[in-house]
Amino acid sequence: MGILATENPVVRAAETAAESSSWQAELRASVRSGAELCRRLGLPESLAAGAGERQFPVFVPPAYLARIRPGDASDPLLLQVLPVASEAESAEGFSTDPVGDGPAELTPGVLQKYRGRALLVASGVCPVHCRYCFRRHFPYEESPVGGLGWSEALRAVERDPSITEVILSGGDPLMLADERLRDLVGQIESIEHVRRLRLHSRMPVVAPSRVTEALVDLLRGTRLSAAVVLHSNHARELDAGVALATERLRLTGAALLNQAVLLRGVNDSVDTLAALSERLFEIGVLPYYLHQLDRVAGAQHFEVSVSKGMELTAGLRRRLPGYLVPRYVRETAGEPSKTVLA
């Protein structure tokens, strides 16, 4: 009997290459201006403010764009990616580094804020530009990516045996091609005292085609205990394509968690947050954190008061079982852990 096509290594390699080129081609087709975003959705171009866009470019992939309701200027998915005039305004208490990334830098490309964990800036680019991003001002050009850069960054991890977990963040680590990601994970695996690998990514939500067979094989084959932390703020982000991506990720044995940010006009109601938690569980993802907005310059129009956030969390507890209620937290620069608000 001949080898099945799915077992043939040549066919498998060709399929993997096709998958890789597919998600990369998809991202190349992303919307890159506020005016184009509005035109695609049948909205007045005047809704998009050029000043905010000049400070932080627009980038919206096709799979995410397809979930935004045409003609609806208040759509909660649109609000997350639409540049507005207030982004260019200054606001008291908002800064370019609200969570203290700068002081936490061990060496270029490696941050350590909490004991036992180190964060590697694996990529300086993202598959979508969320307007509330706390790293929208981060100096990515100063972080090494690939080759010797990663080696030098990981030597800092290797020198500290108390570090048992490496977090891949960015940007978005899944913007790396599978080959480069495999190389990076291999270097991490070679550090004996590292036991856990965590990937923080918005990619499976905004461009689910990125969850390739090669990525699944990588996560399934690593000696490290893996967790993939997704970022979704609204149940309508989690369509059938995302459900398929999370199903594939679950097959790797990795823990799937979600972090959301509390955003005015997007998810600041009990109904919306409950629907998000329930939809996450339907697709095999456990609600993990609900973040109070990091006070990054340009995102002040998204802020919800802590008192309102506490009311919302209390409402979730009355409605949902405990395992579906994310911890409501705030990150404060210099603190040894996140602060649980409710």
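Provided above is the structure to which this section pertains.
My aim in this report is to walk through the structure given alongside it, one point at a time. For clarity, every value in this text was computed on a predicted model and none was experimentally measured.

Details of the overall build of the protein chain
The secondary structure content of the protein chain amounts to 12 helices and 10 strands. Computed over the C-alpha atoms, the radius of gyration of the protein chain is 20 Å, within 12% of the 20 Å expected from 2.2 N^0.38 for a compact globule of 342 residues. For the protein chain, with 342 residues in total, the buried portion stands at 53%. The long-range fraction of contacts in the protein chain, counting pairs at least 24 apart against all pairs at least 6 apart in sequence, stands at 80%. Carbon and sulfur atoms make up 54% of the accessible area of the protein chain, which amounts to about 14,700 Å² in all. Side-chain charges of the protein chain comprise 38 positive and 41 negative groups, with the mean position of each set lying 3 Å from the other.

Observations concerning helix α11 (residues 270-282)
Between its first and last C-alpha, α11 extends 18 Å over 13 residues, near the 18 Å set by a 1.5 Å rise per residue. Of the positions making up α11, those classed as buried are Val270, Thr272, Leu273, Ala274, Leu276, Ser277 and Leu280. Those residues of α11 hidden inside the fold are in contact with β7 (255-261), β8 (286-291) and α12 (306-319). Gly284, located one to two residues past α11, shows a positive phi value of around 85 degrees.

Here we look at the pairing of β8
Two faces, one strand: in a regular strand the side chains alternate between the faces of the sheet. The buried fraction of β8 amounts to 5 of the 6 residues, a majority that puts the element mostly inside the structure. Strand direction decides the pairing type here: β7 and β8, joined by 5 bridges, are parallel. Pairing of Leu257 across the sheet is with Leu286, part of β8. The pairing of β8 with strand β9 (residues 327-330) spans 3 bridges and is parallel. If you follow His291 over to β9, its bridge partner there is Val329. Between the parallel pair β8 and β9, the chain is carried across by α12, and the sense of this crossover is right-handed.

Looking at a nonpolar patch on the surface
Among the surface-exposed residues, Phe281, Leu286 and Tyr323 lie close enough to one another that they form a single nonpolar patch of about 300 Å² accessible area. Within the fold, Tyr323 resides in the loop between α12 and β9.

Remarks on the side chain of His129
Here His129 lies in the loop between β3 (117-121) and α6 (147-158). There is a polar contact of 2.7 Å between the side chain of His129 and the backbone oxygen of Pro57.

Observations regarding the sheet that holds β7
Spatial strand order, β1-β2-β3-β4-β5-β6-β7-β8-β9-β10: 10 strands in an open sheet with mixed pairing. In this open sheet, the two strands that pair with only one neighbour each are β1 (105-107) and β10 (339-340). Strands in contact with α11 are β7 and β8; relative to β8, the strand with the most contacts, it is inclined by about 145 degrees.

Details of the packing of α11 against α12
Contact pair α11 / α12: the axes reach a minimum separation of 9 Å and the direction vectors enclose 55 degrees. In terms of orientation, α11 and α12 fall into the oblique class. Along this stretch, α11 crosses α12, giving a crossing that reads as right-handed. Across from Val270, Asp271, Leu273 and Ala274 in α11, the residues of α12 making contact are Leu312, Gly315, Leu316 and Arg319. Of the residues contributing to the contact of α11 with α12, the split by class is 5 nonpolar, 1 polar and 2 charged.

Here we look at the packing of aromatic side chains
A full pass over the atoms with the stated rule returns 4 aromatic pairs. Here the aromatic rings of Tyr132 and Phe302 are separated by 5.7 Å at their centres, their planes lie at 85 degrees, and the arrangement is edge-to-face. Taken as a pair, Tyr132 in the loop between β3 and α6 and Phe302 in the loop between β8 and α12 lie far apart in primary sequence, 170 residues in all. A residue is classified by how much of its surface remains accessible, and Tyr132, at 5% relative accessible area, is buried.

Rules used throughout
- Residues numbered from 1 in each chain as written.
- Predicted model: local features only at pLDDT ≥ 70, side-chain atom pairs only at ≥ 80, totals over all residues.
- Heavy atoms only, no water.
- Helix = DSSP H or I, 4+ residues; strand = E, 2+ residues; numbered from the N terminus.
- Rg over C-alpha atoms; globule rule 2.2 N^0.38 Å.
- Buried < 20%, exposed > 50% of the residue type's maximum accessible area, 1.4 Å probe, protein only.
- Contact = heavy atoms within 4.5 Å.
- Areas by Shrake-Rupley, 256 points an atom, 1.4 Å probe, with all protein chains shown as cover.
- Lys, Arg positive; Asp, Glu negative; His and termini not counted.
- Charge placed at Lys NZ, Arg CZ, Asp CG, Glu CD.
- Expected span 1.5 Å × (residues − 1).
- Pairing = 2+ DSSP bridges.
- Right-handed = clockwise from strand over helix to strand, strands pointing away.
- Patch = residues over 30% accessible without salt bridge, like charges linked within 9 Å, V, L, I, M, F, W, Y side chains within 5 Å.
- Salt bridge = Lys/Arg side-chain N within 4 Å of Asp/Glu carboxyl O.
- Polar contact = N/O pair within 3.5 Å; in protein donor to acceptor, adjacent residues only side chain to side chain.
- Axes fitted to C-alpha atoms, helices over the stretch in contact; angles between N-to-C directions.
- Parallel < 35°, antiparallel > 145°, perpendicular 65-115°, else oblique.
- Left-handed = near helix turned anticlockwise from the far one by under 90°.
- Nonpolar A, V, L, I, M, F, W, Y, C, P; charged D, E, K, R; others polar.
- Phe/Tyr/Trp six-rings, centres within 6.5 Å; stacked < 30°, edge-to-face > 60°.

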